[in-house]
Amino acid sequence: MVHSSTGPRNAAGSAPSAASAPHPDAAPPVCLEDVRLARKTLEGVARTTAVEGSRHLSSLVGAPVQLKCENLQRTGSFKLRGAYVRIAGLSPEERRRGVVAASAGNHAQGVALAASLLGVESTVFMPVGAPLPKVAATRKYGARVRLHGQVVDESLRAAEEFARRTGAVLIHPFDHRDIVAGQGTIGLELLEQCPSVRTIVVGVGGGGLIAGIAVAVKALRPDVRVVGVQAEGAAAYPPSLAAGAPVALESLATMADGIKVGRPGDIPFGIARTLVDEVRTVSEDALSSALLLCLERAKMVVEPAGAAPVAALGSAPESFEGPVVAVLSGGNVDPLVLQRTLRHGMAAAGRYLSLRLRLRDRPGALAELMAALSGLDANVLDVSHVRTDPRLGLDEVEVELHMETKGPEHCVEVASGLRDAGYRVMS
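Here goes a summary of the coordinates provided. For every chain, the first residue of its written sequence is number 1, and the numbers climb from 1 along that sequence. Only residues with pLDDT of 70 or above have their local features reported here, since the model is predicted, and side-chain atom pairs are shown and tallied only from 80 upward, although totals for entire chains, interfaces and linings are computed over all residues. Note that water and hydrogens are dropped before the side-chain values are worked out from all heavy atoms of the structure.

1. So, the nonpolar core
Applicable threshold: Each nonpolar core is a collection of buried residues, namely Ala, Val, Leu, Ile, Met, Phe, Trp, Tyr and Cys, held together in the definition by side-chain atoms within 4.5 Å. Each residue is placed in one exposure class: buried if its accessible area under a 1.4 Å probe, protein chains only, is under 20% of its type's maximum, exposed if it is over 50%, and partly exposed if it falls in between. Helix and strand labels come from DSSP, where a helix needs a run of H or I of at least four residues and a strand needs a run of E of at least two; each type is numbered from the N terminus. Residues are treated as being in contact if the distance between any of their heavy atoms lies within 4.5 Å.
Val310, Leu313 and Phe320 are the most contacted members of the largest nonpolar core, which totals 38 residues. Taken together, the elements giving at least two residues each to this core come down to helix 2 (55–61), strand 3 (65–69), strand 9 (225–231), helix 12 (284–297), helix 13 (308–315), strand 11 (324–328) and helix 14 (335–348). Top contributing element to this core by residue count: helix 12, with seven residues. What Phe320 contacts, discounting residues up to four positions off in sequence, is Val61, Thr199, Val201, Val227, Arg280, Ala312 and Leu313. If you look at the next biggest cluster of nonpolar residues, it comprises 31 residues, including Leu42, Val111, Val180 and Ala181.

2. So, the sheet that holds strand 15 (residues 424–425)
Heads up, the rule is: Here, a strand pair is defined by DSSP locating no fewer than two bridges between the strands.
Here four strands make up an open sheet; going across it, the order is 13-14-12-15 and the pairing antiparallel. Single-partner strands in this sheet number two, and they are strand 13 (379–386) and strand 15. Two strands pair when backbone bridges link them, and strand 12 (residues 352–360) and strand 15 are joined in this way by two bridges, in the antiparallel orientation. The residue of strand 15 that forms the bridge with Leu357 is Val425.

3. Quick look at helix 8 (residues 177–193)
Stated formally: Expected helix span is taken as 1.5 Å per residue step, with the number of steps being one fewer than the number of residues.
For helix 8, with 17 residues, the first-to-last C-alpha span of 25 Å sits near the 24 Å given by 1.5 Å per residue. Counted residue by residue, helix 8 has 14 buried out of 17 residues, so it is predominantly covered.

4. Remarks on the side chain of His172
For the record, the criterion: The term polar contact refers here to a pair of N or O atoms within 3.5 Å; inside protein, the definition further demands a hydrogen-donor-capable atom paired with an acceptor-capable atom, and it admits residues adjacent in sequence only when both atoms are side-chain atoms.
Along the chain, His172 turns up in the loop between strand 7 (169–170) and helix 8. Residue classification places His172 among the buried residues on the basis of a relative accessible area of 18%. A polar side-chain atom of His172 sits 3.1 Å from the main-chain amide nitrogen of Phe174. Within the structure, His172 has its side chain in polar contact with the backbone nitrogen of Asp175 (distance 2.9 Å). Once residues lying within four places of it in the same chain are set aside, the contact partners of His172 are His107, Leu156 and Ile179.

5. Observations regarding the packing of helix 3 (residues 79–88) against helix 8
The criterion, for reference: Inter-axis angles, ranging from 0 to 180 degrees, are taken between N-to-C directions of lines fitted to C-alpha atoms, where helices are fitted over the stretch in contact. Should an angle fall under 35 degrees it is called roughly parallel, over 145 degrees roughly antiparallel, and 65 to 115 degrees roughly perpendicular, with every other angle called oblique. The hand of a helix crossing depends on one turn: near helix anticlockwise from the far one by less than a right angle means left-handed, and clockwise means right-handed. Each residue is assigned to one of three groups, with Ala, Val, Leu, Ile, Met, Phe, Trp, Tyr, Cys and Pro labelled nonpolar, Asp, Glu, Lys and Arg labelled charged, and all others, Gly among them, labelled polar.
At a closest axis distance of 7 Å, the pairing of helix 3 and helix 8 adopts a crossing angle of 135°. Here helix 3 lies oblique to helix 8, going by the angle between them. The handedness of the crossing between helix 3 and helix 8 is right-handed. Of helix 8, the residues touching helix 3 (which contributes Lys79, Arg81, Gly82, Ala83, Val85 and Arg86) are Asp178, Ile179, Gly182, Gln183, Thr185, Ile186 and Glu189. Considering only residue class, the contact of helix 3 with helix 8 consists of four nonpolar, four polar and five charged.

6. Some thoughts on the pairing of strand 9
The condition is simple: By convention, orient the strands away from the viewer: a clockwise path from the first strand over the helix to the second makes the crossover right-handed.
Strand 9 sits mainly inside the fold: seven of its seven residues count as buried. In strand 9, alternate side chains face the same way, and those of Arg225, Val227, Val229 and Ala231 on one face and Val226, Gly228 and Gln230 on the other are all buried. Strand direction decides the pairing type here: strand 8 (residues 199–203) and strand 9, joined by five bridges, are parallel. For Ile200, the partnering residue across the bridge sits in strand 9 and is Val226. Where the polypeptide runs from strand 8 across helix 9 (residues 208–220) and back to strand 9, its parallel neighbour, the crossover connection is right-handed. Relative to strand 10 (residues 278–282), strand 9 runs parallel, the two sharing five bridges. The residue bridging Gln230 from the neighbouring strand is Thr281, located in strand 10.

7. As for the pairing of strand 3
With four of its five residues buried, strand 3 lies for the most part within the structure. When strand 2 (residues 51–53) meets strand 3, the two strands line up antiparallel, connected through three bridges. Considered in strand 3, the bridge of Glu52 is made with Leu67. Inspection of the sheet shows strand 3 paired to strand 11 by five bridges, in the parallel sense. Note that in strand 11 the partner of Gln66 across the bridge is Val325.

8. Re the sheet that holds strand 4 (residues 99–102)
One open sheet holds the four strands; their spatial order is 6-5-4-7, and the pairing between them is parallel. Taken across any chain shown, the strands that pair with only one partner, and hence form the sheet edges, are strand 6 (144–147) and strand 7. Taken together, the four bridges between strand 5 (residues 122–126) and strand 6 define a ladder with parallel strand orientation. Counted as the bridge partner of Met126 is Leu147 from strand 6. Where helix 7 (residues 152–166) meets the sheet, it contacts strand 4, strand 5, strand 6 and strand 7, and its direction lies at approximately 165° from that of strand 4.

Spelled out as C-alpha cells, the structure:
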C-alpha cells in the first residue's frame, strides 16, 4: 500500500512540504455554511443513511469501526446528494434548457432521479459497455440515455458537445461547488451519528465526496483525521499532491469503476490538499477481499469502489486510530461483476483454488482423483478436460480443477496431498 500525506499533518505528525502547503490567503470554494444549506435542500429527498458497527473490522483495528451505509441511499449511492443540490440551484431559465451528464452508473442515476424530482429534463451519456442494470435504472429514473464511447471520458466529451449544441446545463460528477457541498452532508451526519469518531475513511475518484466530507468535518472537528483511498491502478491523487496540481494519468486499470477517474477535479483537489490528511492506495486483491468481507460479515452489498475504505482497513488495520468510520459509498454492482469479484476475493483469501494436473487417460482416473480430493476435504466446483494439446502424451489428459477451500493453509494441504498421491500438479 502506498501512503501520501495531503493535509496539515502527515501520518508521522510532521508538517507538509512547501510544495503541498496551501496559500495562506486561499479561501476554500466550499464552506461549512454551504454544506448546511445543502442539507436543508436535501430534506425529504436524501435519506440519512444508517451507521452500522462491524465487530470483525473492530477486532482487526483494535478499536470500534462503523460503516456509513451510503450503499443504502436512494439510487444506491451518495451521488443523489450532490446532483440534487446542483440541479436545485439552477435558475428557471437553466431548468427549462434541461441538464446533461456523463457517467458509467452512479452519477447517471443520481442526476436522473434528481432531475425527475425537480421537473427537469435530463440526458445522460453512458459508455457503450456500461452495465445493463445501471443503464436500465437510469432510464427508469426518467433520463434519456445515449450510449457513446468506450470509457466515461469519451461519454463526457459527448455530453459537453451536447451542452454546447443544445444549451443544456452540464452536471459534472464532482468538479462543482454545489456537488461538493451536497456530498459534504454525509460529514454532518457522521459527526452526529458517531460523535467520538477519530478517523474517517473515504474512497476517492475525482474527489467530490472526500472534499465535501472534509469541509464539514474539519470545520467542526479539526482533530478528526480524514483518509482517502484509491485503487492502485487508478490513483491520480498521490502524483497530483506531489506535483501540487491535478495530474492526469495515462492509463487506468481497476475493477472499481466508481473511483476510476484519471484526473482529480480542480475544486475537490484544492480542498483535499488543504483538509485531507492522507491518501492511500489499495490493490485489486484487497478490493475484492473487502467486497467479500462486506457481503459475508456485514451483510452489505457494495460495489468495489464502495469497498475501498474497508480494503484500506484490512490492508493496514494497525495504522488507523479509532473509533473509525468507513464510508460505503455505493452498492450498484452488476451481478456479473459481483460474481467475478467474489471469485477473485475468495482466491485472494485462500478460499478458492485452481489447479492443473496430468492424468493417465484411462477409465476411472477422474473418479480416483475426485476421491482423493474428497479425502482432502476440497469442494470441487468445476472440472475441464484437455486432450488435444500437443504437449500431452498420447495416453495423457490435462484436468483443470476449480475448488472451494478453507484458507491459505488448506490450499497448500490440497496441492501437497495431490503430489503425495502421485499426481503431476502443473499449477
